[in-house]
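Letter by letter, the chains look like this.
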2 protein chains.
Amino acid sequence: MDKFKAMQCFVRVVELGRFSKVAEQSGASKSMISKQISSLEAELGARLLQRTTRRLQLTQLGEEYLQRCREILRQLEDTEAHIQEQQQVPKGRLRINAAMALGLTALAPAFAEFMRQYPDIELDIQLSDEAQDLLEHNFDLGLRVASQPFDSGYVGKAITQFSYSICASPAYLQQNGPINHPDDLLNHQCFEYSYFRSKNLWPVGAEGVVIGGRLKANSSVFLLDMVKQGMGVGFIPRFISHPALQSGEVVEVLASEQKPRMTLYALYPVRHFAPPRLSRFIEFLQNWFARHPYLCS
Amino acid sequence: MDKFKAMQCFVRVVELGRFSKVAEQSGASKSMISKQISSLEAELGARLLQRTTRRLQLTQLGEEYLQRCREILRQLEDTEAHIQEQQQVPKGRLRINAAMALGLTALAPAFAEFMRQYPDIELDIQLSDEAQDLLEHNFDLGLRVASQPFDSGYVGKAITQFSYSICASPAYLQQNGPINHPDDLLNHQCFEYSYFRSKNLWPVGAEGVVIGGRLKANSSVFLLDMVKQGMGVGFIPRFISHPALQSGEVVEVLASEQKPRMTLYALYPVRHFAPPRLSRFIEFLQNWFARHPYLCS
DNA sequence: CATATTGTTTCTTTATTGGAAAAAGTGTTA
DNA sequence: TAACACTTTTTCCAATAAAGAAACAATATG
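Chain A is annotated in an unreviewed UniProt entry as LysR family transcriptional regulator from Lacimicrobium alkaliphilum.

And the structure:
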């Protein structure tokens, strides 16, 4: 039996509260988790968890063991991070959670270049629209645009800022008339983005414009596509619209108006020693976005 | 790979200085040790030991890793000892080194009873005439009659005291005359015991008697056998002669003379938490000898 | 330069791990 | 009280990894 794995498993079970959750989350089978815990108990000669099919309860011994397991595992992690620190070539696995739209657009080329630059680091990228709990899902890193405040226990590091662009297709503008002033938006089909805090208030011009239109969606990528098809005007993050703007498929209007910016944050659990692969990745991202300023302008 | 085992192996290799020594000592094959170290290095991505066929040398990284390994392993041991502490039934393995003569005589029935009393504890008994280095040979406990001072880093706990007996066979005494006074020994075949510090000076009577005879051997068990066969007189630890005295095969002479005593010590490495099975064993031995005082009288 | 010693590699055997599915347990609900 | 929904545990089989023997390679020593 691999005792460290078993200990890790035990800690995880306590954290998530159910065997099956640990199983699906760690990509192992339920039986495996059960066996790990059982063999740990057998080796110690003590029951760690009092379990019914409905409830898991730490025994007194389990409680004590848990504390010590955590300490030992932390120390092991620190040790390995410390060794890695002194190596030229970082290696290991990074499990990253990122916002879907980011992953599909701005981050993809950055990830690709990172993989070229660090051939010994494996990536496990999970894109999701909802911000996932990093600890629960065992992520090393989350990449999120700042909206919700960070949980304590996490470090949030600003990576870059993104700007928005107001886009329409040339054909649409031809048909529906130009947009030269924020107030012009009132006469246009403006798409609403579901996750936008201010809903149908676009923060452009002095005090914003309350837009109206027939389309509302929860995906900026989807909205951009509708813009391309000439269905209306979108308030689209520049990192999404950038390629389409370059190719001329869509054009930007009200470019000189002040629009809010959003900040991309890297979130990761606080630790004694962050594994070097993680520090490197964050540095890399900051550099990468510094070298690709058009996404922010 | 079982990282825990590998770390243990690594520490051991550094302690013993050679792969092959660890192999034979731990009962594994050389290839196993080699693989353990290699896979540990592979996982860390760093070389721990610079090795030629003649010399092992810790790399700088290896040195640091070693420290941390030791710390982690110690903590793990403490944790398990602490858990065991709270269990009713101690379990595990005890690797014990004992003096050959002790094991063959006094200790054998004690071990047997211990095994009956603690069915979940395995024993690995290594009898040897030379006192072995406990750490090097990975013993949990050494049972030695006090002679050499204890190394620092070890705890020595007195278990019991043994007395000596001066023995001869009835037939021998019949032929060679009785022994009623220490000086009578001068006219008898007295056996010399090689490991005796004072060699041919028997510490009996006021200032001892310088004995003479034709037989010298390094085993009291062997000497007793020669006594049984009527070849002469032996200065024999009582725990060895006891059964023969009981059966009448040999008789004791000069029983009322003062003779030195020797102390049986349990030696074990100092640790934060001694595993309960070890504490129990030592307690057990003390009790056992308290219940069998005839060995000491 | 031969030799003895030691770590590594290779190959085969053996033991262990891991997963799918069935079974058993447990609290809830009809 | 019985059916149920949801868990953990067990069982069995396949895949994987560990372990050992022996041949191999490397290197200080005399």
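> How should the interface of chain B and chain A be read in this particular structure?
Often the size quoted for an interface is simply the accessible area lost on bringing the parts together. Between chain B and chain A, the residue contacts involve 27 residues of the former and 27 residues of the latter. Three residues stand out in chain B for area buried against chain A, namely B:Arg68, B:Ile72 and B:Ile83, and they jointly supply 21% of the buried area on that side. Where chain B meets chain A, there are two salt bridges. Of the charged contacts in the structure, one is a salt bridge between B:Glu80 and A:Lys3, with a shortest N-O distance of 2.9 Å.

> Mind showing me how you'd approach the protein's contact with DNA strand C here?
Of all residues adjacent to DNA strand C, which total 21 residues, the nearest are A:Met32, A:Lys35, A:Thr53, B:Arg18 and B:Arg51. Considering the 4 Å shell around the protein, atoms of DNA strand C inside it are sugar or phosphate in 70% of instances. The separation between a phosphate oxygen of DNA strand C and a polar main-chain atom of A:Ser29 is 3.3 Å. In this structure, A:Lys35 approaches DNA strand C through a side-chain N or O atom, which is 2.7 Å from a base oxygen. Looking at the surface near DNA strand C, the elements with two or more residues in it are helix 3 (30-44) of chain A together with helix 2 (19-26) and helix 3 (30-44) of chain B. Tallying contributions element by element places helix 3 of chain A first for the surface near DNA strand C, with four residues. Of the residues belonging to the surface near DNA strand C, the class tally is four nonpolar, ten polar and seven charged.

> Please explain the packing of aromatic side chains as it appears in this structure.
The description of an aromatic ring pair rests on the distance of the ring centres and on the angle between the ring planes. Taken as a whole and assessed by the stated rule, the structure comprises 29 aromatic pairs over all chains. Arranged with centres 5.6 Å apart and planes meeting at 75°, the rings of A:Phe162 and A:Phe289 form a pair that is edge-to-face. Taken as a pair, A:Phe162 in strand 6 (residues 154-168) and A:Phe289 in helix 10 (residues 276-291) lie far apart in primary sequence, 127 residues in all. Judged on exposure class, the residue A:Phe162 and its partner A:Phe289 are both buried. Ring plane angle 75° and centroid distance 5.6 Å describe the contact between B:Phe196 and B:Phe235, whose orientation is recorded as edge-to-face. Of this pair, B:Phe196 sits in the loop between strand 7 (192-193) and strand 8 (201-202) while B:Phe235 sits in strand 11 (residues 234-237); the two residues are 39 residues apart in sequence, bridging distant segments of the chain. The same class applies to B:Phe196 and to B:Phe235, which are both buried. Grouping aromatic residues by their ring pairs yields a cluster made of A:Tyr164, A:Tyr193, A:Tyr195, A:Phe196, A:Trp202 and A:Phe235. Stacked on the ring of A:Phe139, the Lys or Arg A:Arg95 has its end atom at 4.5 Å from the ring centre.

> What am I meant to see in the protein's contact with DNA strand D here?
For DNA strand D, the set of nearby residues contains 21 residues, the closest of which are A:Arg18, A:Ser20, A:Arg51, B:Met32 and B:Thr53. Close to the protein, within 4 Å, the atoms of DNA strand D are drawn from sugar and phosphate at a rate of 70%. In the environment of DNA strand D, a phosphate oxygen lies 3.4 Å from a nitrogen or oxygen atom belonging to the backbone of B:Ser29. Elements supplying a minimum of two residues to the surface near DNA strand D: helix 2 (19-26) and helix 3 of chain A together with helix 3 of chain B. Considering every element that reaches the surface near DNA strand D, the biggest residue donor is helix 3 of chain B, with four residues. When grouped by side-chain class, the residues that make up the surface near DNA strand D number four nonpolar, ten polar and seven charged.

Cut-off values and rules
- Residues numbered from 1 in each chain as written.
- Chains lettered and ligands numbered in written order.
- Predicted model: local features only at pLDDT ≥ 70, side-chain atom pairs only at ≥ 80, totals over all residues.
- Heavy atoms only, no water.
- Contact = heavy atoms within 4.5 Å.
- Buried area = accessible area lost by both parts, 1.4 Å probe.
- Salt bridge = Lys/Arg side-chain N within 4 Å of Asp/Glu carboxyl O.
- Near = heavy atom within 4 Å.
- Polar contact = N/O pair within 3.5 Å; in protein donor to acceptor, adjacent residues only side chain to side chain.
- Helix = DSSP H or I, 4+ residues; strand = E, 2+ residues; numbered from the N terminus.
- Nonpolar A, V, L, I, M, F, W, Y, C, P; charged D, E, K, R; others polar.
- Phe/Tyr/Trp six-rings, centres within 6.5 Å; stacked < 30°, edge-to-face > 60°.
- Buried < 20%, exposed > 50% of the residue type's maximum accessible area, 1.4 Å probe, protein only.
- Lys NZ or Arg CZ within 6 Å of the ring centre and 35° of its normal.

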